[in-house]
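Examining the three-dimensional arrangement
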Amino acid sequence: MLIVMKSSATAREIDAVVENIEFIGLRAHPLAGATRTAIGITGNTGVIDGRRFESLAGVAEVIRVTKPYKLITLDLRPEKTIVRLGDATIGGAELAIIAGPCAIESSQQAFAVAEAVKQSGARFFRGGVWKPRTSPYTFQGLGKKAWGIMAEIREAFGLKIVTEAVDESHVDLIEQHGDIIQIGARSMQNFSLLKRAGRSKLPVLLKRGMAATLEEWLLAAEYIMAEGNYDVILCERGVRTFAQHTRNTLDLASVPAIRRISHLPVIIDPSHGTGSAYMVTPLARAAVAVGADGLMVEVHNQPEVALSDGAQALTPLEYAELIRQVRAIRALVAPR
Ligand code: PEP
Ligand code: MN
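Computed from a predicted model, the values in this text were never measured in an experiment. Residue positions are given per chain, counted from 1 along the sequence in the order it is written. Chains carry letters and ligands carry numbers; both start at the beginning, A for chains and 1 for ligands, and go up in the order they are written. Local features in a predicted model are, by the rule used here, given only for residues with pLDDT of at least 70; side-chain atom pairs are given and counted only at 80 or more, and totals for whole chains, interfaces and linings are based on all residues. With hydrogens and water set aside, each side-chain value is computed from the structure's full complement of heavy atoms.

1. Digging into the sheet that holds strand E4 (residues 59-63)
Condition: At least two DSSP bridges between two strands are required for those strands to pair. Numbering of helices and strands starts at the N terminus; helices are DSSP runs of H or I of at least 4 residues and strands are runs of E of at least 2. Only the stretch in contact is used when a helix axis is fitted, and all axes are lines through C-alpha atoms; the angle between N-to-C directions ranges over 0 to 180 degrees. Whether two residues are in contact is decided by their heavy atoms: any pair within 4.5 Å suffices.
With respect to topology, 4 strands assemble into an open sheet ordered E2-E3-E1-E4, the strand pairing being antiparallel. The open sheet has two edge strands, strand E2 (27-32) and E4, and neither has a second partner. Averaged over all neighbouring strand pairs, the angle between strand axes comes to 20 degrees, with direction disregarded. Running over the sheet, helix H1 (residues 11-23) touches strand E1 (2-5), E2, strand E3 (37-42) and E4 and is turned about 5 degrees from E3.

As structure tokens, then:
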């Protein structure tokens, strides 16, 4: 159920509806929009009788939700969510760029890449501190040591730090020194991790699972929002198909498909989406042309010796050229 408040509704009236919902043991999710606030209701297992809300002051409409999701939908918030971190935004007018190495390997590597990222005007630095690897015998990330390097980069460059939480304890650490919690493709349906991220105050970047349908992916976002964290950024990184010419098949159609359903920002990761450096820039251009809110790009100062994902890493020079190209495209396609 969803309660749409009148545009003239006062904060007091909104609070009264929230209290009413909580009084019957349910959870209220008030989301303020540009013209009105809507209140999503979760926690019910059966149908709620909406008539009890209809006559409350300030209520414009009570809508029964028939879709499997309640909070990610445009019904709840008709305009796009803009995730704000200080003066940086994701989902707003600026094209959000999250760039950095696959994994933090050394202080020297991380600083060299961060320098290039900063120079490009990007606001977000990515880098795996803990790496979820397919094989237990490959590089698993430097862990605590990498986290120390991340803290130094944040301090030195003023970049916002994005890193993946592979388990729930990592969320605690990211909350101390990071800015965005990344949930990786392999963890998209790790429901306890989703719930933990949902209880965080930090935005969550949710990657699409490698075999996830759009609905499964959006329901994973719904898990986070149902816990009260509404700052979710969706990241398309490709799915498994029979194609052999790419690591994954980058589903760019997910951008307009999500736009039809959800207010959440969507970014594209052409690095994991293709697996080869030579394809990253062309697919990044396409991602921006299709209307993505941003990009996540892997960059390495020496891709040939990278400890993970070297084949898809751009050099700082290639990355700078990518940024030049996508900014030109964004200027043409950005919503005015
Ligand atoms: C990553 O971003 O480094 C990563 C592991 O990506 P994914 O979860 O999309 O495979
Ligand atoms: Mn990677």
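2. Overview of the coordination of the manganese ion (ligand 2)
Condition: For Na, K and Ca the donor cut-off is 3.2 Å, and for all other metals it is 2.8 Å, counting N, O and S atoms only; because water is absent from this set, sites may look incomplete. Categorising residues by exposure relies on relative accessible area from a 1.4 Å probe, with only protein chains included: less than 20% of the type maximum marks a residue as buried, more than 50% marks it as exposed, and the intermediate range marks it as partly exposed.
Of the protein atoms, only Cys102 (SG), His272 (NE2), Glu298 (OE) and Asp309 (OD) coordinate the manganese ion (ligand 2), at distances of 2.0 to 2.4 Å. Considered as a linear motif, the donors of the manganese ion (ligand 2) on their single chain read C-x169-H-x25-E-x10-D. Of this pair, His272 sits in helix H9 (residues 270-274) while Glu298 sits in strand E14 (residues 294-298), placing them 26 residues apart in sequence. Neither His272 nor Glu298 differs from the other in exposure class; each is buried.

3. A short note on empty space enclosed by the protein
What counts is decided by this rule: Any residue with an atom within 4 Å of a point lines the site, the site being either a cavity, points on a 1 Å grid over the protein atoms alone where a 1.4 Å probe fits but cannot get out, or a pocket, an open set with protein on both sides within 12 Å along at least 5 of 7 lines. Grid points are joined across faces, edges and corners, and a volume is the space filled by probe spheres set on the points. Ten residues, namely Ala, Val, Leu, Ile, Met, Phe, Trp, Tyr, Cys and Pro, are considered nonpolar, four, namely Asp, Glu, Lys and Arg, are considered charged, and the remaining ones, Gly among them, are considered polar.
Scanning the model with the defined rule gives 1 cavity of 30 Å³ or more in all. Estimated volume of the largest cavity: approximately 30 Å³. The wall of the largest cavity is formed by Pro101, Cys102, Glu298, Val299, His300, Ala306, Ser308, Asp309, Gly310 and Ala313. Tallied by class, residues from the lining of the largest cavity come to 5 nonpolar, 3 polar and 2 charged.

4. What about the packing of aromatic side chains?
What counts, and what does not: Aromatic pairing here means that ring centres of Phe, Tyr or Trp (its six-membered ring) are within 6.5 Å. Orientation follows from the plane angle: under 30 degrees is stacked, over 60 is edge-to-face, and everything else is tilted.
In total, this model carries 3 aromatic pairs according to the counting rule given. Here the aromatic rings of Trp130 and Trp147 are separated by 5.8 Å at their centres, their planes lie at 40 degrees, and the arrangement is tilted. Pair noted here: Trp130 is in the loop between strand E8 (124-126) and helix H4 (144-157) and Trp147 is in helix H4, with a separation of 17 residues, a long-range link. This pair shows no difference in class: Trp130 is buried, exactly as Trp147 is.

5. Side note on the pairing of strand E7 (residues 96-100)
Formally: By definition, the crossover connecting two strands over a helix is right-handed if that path, from the first strand to the second, turns clockwise as seen with the strands pointing away from the viewer.
Of all 5 residues in E7, 5 are buried; the element is thus mostly enclosed. Neither face of E7 is left uncovered, since the one carrying Ala96, Ile98 and Gly100 and the one carrying Ile97 and Ala99 both have all their residues buried. As paired strands, E7 and E14 are joined by 5 bridges and run parallel to one another. The partner of Gly100 across the bridge, within E14, is Glu298. Pairing analysis gives 2 bridges linking E7 to E8, with the strands arranged parallel. For Ala99, the partnering residue across the bridge sits in E8 and is Phe125. Handedness of the β-α-β unit built from E7, helix H3 (residues 107-119) and E8 comes out right-handed.

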